[in-house]
Number of protein chains: 2
Amino acid sequence: MEIFIIDEELTYFFKQSKLRSKVNEKLGLFCLELLIMKIDESNGTTNSNIVRELKRATTVNYVYEDEESKGKMKPLNGFVGPMLTDLYQITMAYSLWKNNRHEIPSVFDLYFRKSPFGGEFTVFAGLEEVIRFVNDFHYTKENLNHIREMIPECDEEFLEYLGKLDSSKVTLYAIKEGSVVFPRIPLLRVEGPMILCQLFETTLLCLINFASLVATNAARHRIAVGKDKVMLEFGLRRAQGPDGAMSASRYSYLGGADGTSNVLAYCFFGIPIRGTHAHSFVTSYSKSEELHDPTIKDKNGKVHNLLELAMQFRDELGYTTTIVSELVAFVAYARTFPNGLVALVDTYDTLASGVPNFLCVALALNKIGYKAVGIRLDSGDLSYLSKATRKMFKEVGEKYHLDYFAKFQIVASNDLNEPTIIALNRQGHEIDVFAIGTNLVTCQAQPALGCVYKLVEINGSPRIKLSHEANKITLPGRKEAYRLYGGEGHPLVDILISQNAADHEKQIPEVGKRVLCLHPFEEQKRVIVTPQKVEKLHHIVFQNGKPTIDLPSLEEIRNYCFDQISKIREDHLRNSNPTPYKVSITKELYDTLHNLWLQSVPIKEMK
Amino acid sequence: MEIFIIDEELTYFFKQSKLRSKVNEKLGLFCLELLIMKIDESNGTTNSNIVRELKRATTVNYVYEDEESKGKMKPLNGFVGPMLTDLYQITMAYSLWKNNRHEIPSVFDLYFRKSPFGGEFTVFAGLEEVIRFVNDFHYTKENLNHIREMIPECDEEFLEYLGKLDSSKVTLYAIKEGSVVFPRIPLLRVEGPMILCQLFETTLLCLINFASLVATNAARHRIAVGKDKVMLEFGLRRAQGPDGAMSASRYSYLGGADGTSNVLAYCFFGIPIRGTHAHSFVTSYSKSEELHDPTIKDKNGKVHNLLELAMQFRDELGYTTTIVSELVAFVAYARTFPNGLVALVDTYDTLASGVPNFLCVALALNKIGYKAVGIRLDSGDLSYLSKATRKMFKEVGEKYHLDYFAKFQIVASNDLNEPTIIALNRQGHEIDVFAIGTNLVTCQAQPALGCVYKLVEINGSPRIKLSHEANKITLPGRKEAYRLYGGEGHPLVDILISQNAADHEKQIPEVGKRVLCLHPFEEQKRVIVTPQKVEKLHHIVFQNGKPTIDLPSLEEIRNYCFDQISKIREDHLRNSNPTPYKVSITKELYDTLHNLWLQSVPIKEMK
């Protein structure tokens, strides 16, 4: 195995792992190789995790062939870099430079205006990749050659300037990844030279828009599925291209899924993996002679004829009209995974053939000391079929005094989405595992989240972007966000405070003190809140050229997300007619906003 | 620059390029380096193309660190490989192997059941990546380690078998990439050992589903936009992750777009690139003093004060209430790109400020020998605003006797999609360029195409997958597809012929001979066609371990797609209530299908 060692990356991994104490953070290449050899000897699991982490670090080597960036923590996706941007960011950068405006200190907010899927909450995701992108931001010589091709009139001096550009002057504020977030509260605030802030725009939007959309979609499906059921993401084949699939697996897990069918997502991100078999596996058998070897060994090594056993139960139970080739296929699969049989039962006829055949094989397995797992339904009326199947499980279980038969897992996987799951819950069902594909990974109900990235301050003075729609007007200036909690532990309101005001410290909400919260655009919408807990939402995540936080693992982000969702009042989360969560601003910010608004609108003359 | 040379890849490139004759296909590494140095000296363009092609070849190195696969043509996307699959493909493969069924010759069809977006046609795309994937298919040692982790009970012998597996026994039949295709006609037919065919499933679906969906979406938008207008893809920030964006740019161009805003798509695929500037560029200016240098040199090197000139025209035209800081921003941009100004005019007020300010700067540029390009509308009523803007262009053009002013480009970019473009066409508009974002790249109207991959033959005998819905039943056996053309050059019907029949050669349609075409499921739907031209749709693209065709360039595929669409009758293409295109089968195939169907359905007993 070739190993590309990237110090910072590895250091980060070791910091998080149990091996922390063994690691010198300034390890050189040679030491690392020794270390890996040492762990090799200890145990397999640890070793495989390390290999995975190394792999994550090496996924991007091809974009970064240049020497100067070696050793930096890089984006996990190889496409992510300064060239994954819109052309106009580069032409604007050139114009900023030409007009000597490139170094002006600027502040940009990244936020969305409306939660997706008609809901009133959003899960924030994609921050890790943003930090990695900002951390590694630089132009390679090859990048500069491409820019020269695209903008032939461009000054060589500008390209030289770009060649030296990095993120050392940028400060990034962010809400914690996995948080539940609401419209207008900036997810990210980017502070730094105008040119860099501008050059980040498209990439940051691309990284956060889809990640947050999928995480929110998964969270909504999770709520619909319920806590005690299993939810799997099975969308690889219908996702929007290979990376659409990889992002979907990663952020579906973050927001709510318990696992994925996507093998590469397991390899890269360590997401738990699940799968059964396909219709083709069943249809590939047409007669029992095609099973070249019907035998199986029990745990003591004794050989049994599994097919014969299953056929005996078929007679015994009077399942004489089931399709035999289907039973043969189940036996073939059970021979391979005697404790892992999840039979796909709808190839011919779910209740008349699939489920009876499964039961025959399950009884045969049981007889020699193995336990089948369950069945998968991939078509038809899932409510009716799952209930009828459960009934058959119970009847056969009772007949043979096998309690676990009643609890066989029923997996459903037929074009599931939030509304169908909610409808199934209403009709009643016996499904244990929901495997959700297309609708989860492509976010069919709304395939894009409309995050925007707006200039809110330049050279210390606040800026506003107007629009005919009040909802599209930006909130000017550097702002801090606080979440105010009520007595029952639920968040009540998020409030934005201008940091430009001289006395801004005084405006920070305090526990037990009354806070006046205003709607930014509708002056009659006001509320006074006395918080029982005050949470600061924005934290610095990148400054002075490096990340200022330890990047949490996917598992940690997921747990944080689940915890966050559990704190939100149910009426904000519900699927139909959810209550909007209050997002407000202080009186001071309200006045600044409205003064700036009036100043900026040209008064038309009518003659 | 580090160069990873991949012979086959480079050979392919050279084959396509003008340099063909200079290249020995068996070149070693050293020769290649010399060659590149030599071209370096000749001219810049050729060199940069070569660099790009090398880069495409190196995008995937990280997944393929193992030695044995060096020198193979690989997928362009680094995620694409045998691990980009569903777990059940690997568990099924294991079970096939355990039951000694893995080498059985099998045939799988990949097809869709319904064209997307409520339409009656689809553009087939994604084939190049499929061929690259199949060509490079193999498991690395690391892959095998991951499989061992995932399936701990799995035999070491099986892993050894997987380690030696490659595509040498697979034959791939495909329709030409860029073709217009219809439901049920296989896009791909995969023939080979059962285990390989099965292991390909998810990846092939993932590669073709989204590519074909986006290409079709682009083709539909192209039809709505019209041939004489420009259509750009501006969706990077709203796409489904970084690769969702890259695939979208690539296949949007294939199906209909003239260019993209995505810089990386230019770097990787050479797609023409376009862009203007953002609102933040305008709002970053608040007063004219912020323009540190208002001057510009004309082509003779003489210095002019561009801002002063523009302000003079502002007075002259009586545009006294426009926002000056906006005009300053346009001047700043025009100083940088004096022949490339496309001003974003809706920051404050399109008609009261943006367009007048643009005209002032355009007149100033004109006075010193430069020409502005146009404006971009990003909000409001695009029909009304574009017409009013055109009127102002004409009036000012006439006043100053400048004909080109009337033809300034009007770019529209506000949440455009097929229905809004069609509505705009009805209402009348003066838009020249449609820049389409979210709706094009995420395929908002239908974010997934439902391609499926079904076993149709095993060991020489046809197989069928049943369903309660006739539309979901597979057409059994190896089938060839022919397209029959009428006298006016339009395709009339596609027909599938079973290759299993002994006399199948006789069934191949011939020009001038009557052909009976049957609907596969509705026996009364029949038609007799006398074709004026017969086109065989399937060709072998991969056999004996290597591609059998030269991969066409993206440009060639795009031209082929445009040509194909021009041949389809307009009523099949139209947006509302399109006529379904006839997809039919022969009498022989009809009989095979229906016999097999009856055999496979268990007769239920009712008591």
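Residues numbered from 1 in each chain as written. Chains lettered and ligands numbered in written order. Predicted model: local features only at pLDDT ≥ 70, side-chain atom pairs only at ≥ 80, totals over all residues. Heavy atoms only, no water.

### Quick look at the overall build of chain A
Rules: Strands here mean DSSP runs of E at least two residues long; helices mean DSSP runs of H or I at least four residues long; both are numbered from the N terminus. Note on contacts: a residue pair is in contact if any heavy atoms of the two residues lie within 4.5 Å. Note on areas: Shrake-Rupley with a 1.4 Å probe; residue coverage comes only from the protein chains shown.
A tally of helices and strands in chain A yields 21 helices and 23 strands. A separation of at least 24 residues holds for 73% of the contacts in chain A among residues at least 6 apart in sequence. As presented, chain A carries roughly 22800 Å² of accessible surface, and 50% of it is formed by carbon and sulfur atoms.

### Some points on the pattern of salt bridges
Residue and element names in this part refer to chain B. Here is the rule we go by: One speaks of a salt bridge when a side-chain nitrogen belonging to Lys or Arg is within 4 Å of a carboxyl oxygen belonging to Asp or Glu. Each residue is assigned to one of three classes by its accessible area relative to the maximum for its type, calculated with a 1.4 Å probe on protein chains only: buried under 20%, partly exposed between the two thresholds, exposed over 50%.
Across all of its chains, the model carries 57 salt bridges over all chains by this definition. Of the charged contacts in the structure, one is a salt bridge between aspartate 258 and arginine 222, with a shortest N-O distance of 2.7 Å. In this pair, aspartate 258 sits in the loop between α9 (241-255) and β7 (259-260) while arginine 222 sits in helix α8 (residues 194-225), placing the two residues 36 residues apart along the sequence. As a salt-bridge pair, glutamate 522 and lysine 525 come within 3.4 Å of each other at their nearest N and O atoms. On the basis of relative accessibility, which here comes to 32%, the residue glutamate 522 falls in the partly exposed class. Lysine 525 sits in the partly exposed class, given a relative accessible area of 44%.

### Concerning the interface of chain A and chain B
The condition is simple: Here the quantity called buried area is the total loss of accessible area, with a 1.4 Å probe, experienced by two parts when brought into contact, counted for both. Polar contacts, as used here, are pairs of N or O atoms within 3.5 Å; protein pairs need one atom able to donate a hydrogen and one able to accept it. Residues neighboring in sequence count only if both atoms are side-chain atoms.
Counting residues at the interface gives 115 residues for chain A, matched by 116 residues for chain B. Together chain A and chain B conceal approximately 10400 Å² of surface at their shared face, both sides included; 60% is due to carbon and sulfur atoms. On the chain A side of the interface with chain B, the three residues burying the most area are Phe79(A), Arg237(A) and Gln240(A), jointly 8% of the side's total. Linking chain A with chain B are eight salt bridges. With a shortest N-O distance of 3.8 Å, Arg463(B) and Glu290(A) are connected by a salt bridge. Summed over the shared surface of chain A and chain B, the result is 47 residue pairs in polar contact (both at pLDDT 80 or more). Ranked by the residues each element gives to the side of chain A that touches chain B, the list is headed by helix α4 (residues 87-98) of chain A, at 10 residues.

### Quick notes on the UniProt feature "domain: Nicotinate phosphoribosyltransferase N-terminal" (unreviewed entry) in chain A
This is how it is decided: UniProt positions are given in the numbering used here, feature names are shortened, and annotations may be inferred rather than shown by experiment.
Taking the UniProt record as the reference, the feature "domain: Nicotinate phosphoribosyltransferase N-terminal" (unreviewed entry) is found at residues 83-209 of chain A. End C-alpha to end C-alpha, residues 83-209 of chain A measures 18 Å, and it is 45% helix and 17% strand.

### Quick notes on the sheet that holds strand β3 (residues 171-174) of chain B
Residue and element names in this part refer to chain B. Formally: Should DSSP find at least two bridges between two strands, the strands are taken to pair. In this description, a line fitted to the C-alpha atoms serves as the axis of each element, helices being fitted only across the stretch in contact, and the angle between N-to-C directions of two axes falls anywhere from 0 to 180 degrees.
The strand order β15-β14-β1-β5-β3-β21-β22 describes an open sheet built from seven strands, whose pairing is antiparallel. Both outer strands of the open sheet, β15 (461-462) and β22 (546-547), are each paired with one neighbouring strand and no more. Bridging between strand β14 (residues 452-458) and β15 involves two bridges; their strand directions are antiparallel. Looking across to β15, one finds that glutamate 457 is bridged to proline 462. Taken strand by strand, α8 contacts β1 (105-111), β5 (188-193) and β14, and its axis lies near 155 degrees from that of β5.

### Structural notes on the relation of the copies chain A and chain B
For the record, the criterion: Only residues with pLDDT of at least 70 in both copies contribute their C-alpha atoms to the least-squares superposition of the copies.
Under the fitted operation, chain A is carried onto chain B by 0.0 Å of movement along the axis and a turn of 180 degrees, and the coordinates agree to an RMSD of 0.0 Å. Between the two chains, the operation in question is that of a two-fold axis. Most of the interface of chain A is mirrored in chain B, where 100% of its interface residues are also at the interface.

### Let's talk about the pairing of strand β1 (residues 105-111) of chain A
Remember that side chains alternate between the two faces of the sheet whenever the strand is regular. All names here are of chain A. The buried count for β1 comes to six of seven residues, which makes it a mostly enclosed element. For β1 and strand β5 (residues 188-193), the ladder comprises six bridges, and the chain directions are antiparallel. Bridging from a neighbouring strand, leucine 110 pairs with leucine 188 of β5. For β1 and strand β14 (residues 452-458), the ladder comprises six bridges, and the chain directions are antiparallel. Bridging from a neighbouring strand, phenylalanine 108 pairs with leucine 455 of β14.

### Overview of the packing of aromatic side chains
For clarity, the cut-off: Pairing of aromatic side chains requires ring centres within 6.5 Å, counting the rings of Phe and Tyr and the six-membered ring of Trp. Pairs whose planes differ by under 30 degrees are stacked, by over 60 edge-to-face, and all others tilted. Two limits define a charge over a ring: the Lys NZ or Arg CZ must be within 6 Å of the ring centre, and within 35 degrees of the ring normal.
On inspection of all chains with the given rule, the structure shows 46 aromatic pairs over all chains. On the numbers, 5.3 Å between centres and 80 degrees between planes, the contact of Phe393(A) with Phe408(A) is edge-to-face. One end of the pair, Phe393(A), is in helix α15 (residues 382-399); the other, Phe408(A), is in the loop between α15 and β12 (409-412), with 15 residues separating them in the sequence. The pair Phe393(A) / Phe408(A) is uniform in exposure class, with both members buried. A relative accessible area of 2% means that Phe408(A) is categorised as buried. One aromatic cluster is present, built from ring pairs that chain together Tyr94(A), Trp97(A), Phe158(A), Phe281(B), Tyr285(B), Tyr333(B) and Phe337(B). Above the ring of Tyr285(A), the side-chain terminus of Arg101(B) is found at 4.0 Å from the ring centroid. Against the face of Tyr485(B) rests Lys533(B), its NZ or CZ located 4.1 Å from the ring centre.

### Brief notes about helix α15 (residues 382-399) of chain B
All names here are of chain B. The condition that has to hold: Under the convention used throughout, the expected extent of a helix is 1.5 Å for every residue step, that is, one less than its residue count.
End to end, α15 covers 25 Å across 18 residues, agreeing with the expected 26 Å (1.5 Å per residue, within 8%). Looking only at α15, the buried set comprises Leu382, Ser383, Leu385, Ser386, Ala388, Thr389, Arg390, Met392, Phe393, Val396 and Gly397. In this structure, the buried side of α15 is in contact with α12 (306-317), α14 (350-367), β11 (374-377), β12 (409-412) and α16 (418-427). Near the N-terminus of α15, the side chain that reaches the backbone nitrogen of serine 383, with its oxygen 3.0 Å away, is that of aspartate 381. At the C-terminal side of α15, histidine 401 shows a positive phi close to 55 degrees.

### Side note on the sheet that holds strand β6 (residues 230-233) of chain A
Residue and element names in this part refer to chain A. Strand order across the open sheet formed by six strands is β7-β6-β13-β12-β11-β10, with parallel pairing between neighbours. The sheet is open, and its two borders are formed by β7 (259-260) and β10 (342-344), each paired with just one other strand. Across two bridges, β12 lies against strand β13 (residues 433-436) in parallel orientation. In the strand pairing of β13, alanine 412 is matched with phenylalanine 434.

### A short note on the nonpolar core
Inclusion rule: What makes a nonpolar core is a set of buried Ala, Val, Leu, Ile, Met, Phe, Trp, Tyr and Cys residues whose side-chain atoms join them at distances within 4.5 Å.
Ranked by internal contacts, the top residues of the largest apolar core, which has 363 residues, are Phe358(A) and Phe358(B). In contact with Phe358(B), not counting residues within four places along its chain, are Phe330(B), Leu341(B), Ala343(B), Val345(B), Ala372(B), Gly374(B), Ile375(B), Phe393(B) and Phe408(B).

### Brief notes about the state of the cysteines
We count it as follows: Criterion for a disulfide: a pair of cysteine sulfur atoms within 2.5 Å.
Considering all chains together, one arrives at zero disulfides over all chains under this definition. Just so you know, Cys443(A) is unpaired, no disulfide at all, and the nearest cysteine sulfur is the one on Cys451(A), 13 Å from it.

### What about the environment of Thr592(B)?
Within the secondary structure, Thr592(B) is located in helix α21 (residues 587-600). Linking Thr592(B) and Ser383(B), residues 209 residues apart in sequence, is a C-alpha distance of 56 Å.

### Focus on the confidence of the model for chain A
All names here are of chain A. Our working definition: Known as pLDDT, the predictor's confidence for each residue is given on a scale from 0 to 100.
Averaged over all residues, the pLDDT of chain A is 86; the fraction at 70 or higher stands at 87%. Note on residues 1-69: pLDDT under 50 across the span, and 117 contacts to partners over four residues away in sequence or across chains. Reported confidence for the predicted complex is 0.85 by ipTM and 0.87 by pTM.

### Looking at the packing of helix α6 (residues 141-150) of chain B against helix α7 (residues 156-164) of chain B
All names here are of chain B. For the record, the criterion: Reported orientations rely on four angle classes, namely roughly parallel under 35 degrees, roughly antiparallel over 145, roughly perpendicular from 65 to 115, and oblique for the rest. With the far helix as reference, a near helix turned anticlockwise by less than a right angle produces a left-handed crossing, and one turned clockwise produces a right-handed crossing. In the scheme used here, Gly and all other residues not listed as nonpolar or charged are polar, with Ala, Val, Leu, Ile, Met, Phe, Trp, Tyr, Cys and Pro taken as nonpolar and Asp, Glu, Lys and Arg as charged.
Running from N to C, α6 and α7 point in directions that differ by 150 degrees, and their axes come no closer than 10 Å. Considered as vectors, α6 and α7 are oriented roughly antiparallel to each other. In the crossing of α6 with α7, the sense of the turn from one axis to the other is right-handed. In this structure, α6 uses Leu144, Ile147 and Arg148 to contact α7, whose residues at the interface are Glu156, Leu159, Leu162 and Gly163. For the contact of α6 with α7, the residue count by class is four nonpolar, one polar and two charged.

### Side note on the side chain of Arg483(A)
Residue and element names in this part refer to chain A. Among the secondary structure elements, arginine 483 is positioned in strand β16 (residues 479-485). Overall, the relative accessible area of 2% leaves arginine 483 in the buried class. Within the structure, arginine 483 has its side chain in polar contact with the side chain of aspartate 494 (distance 2.9 Å).

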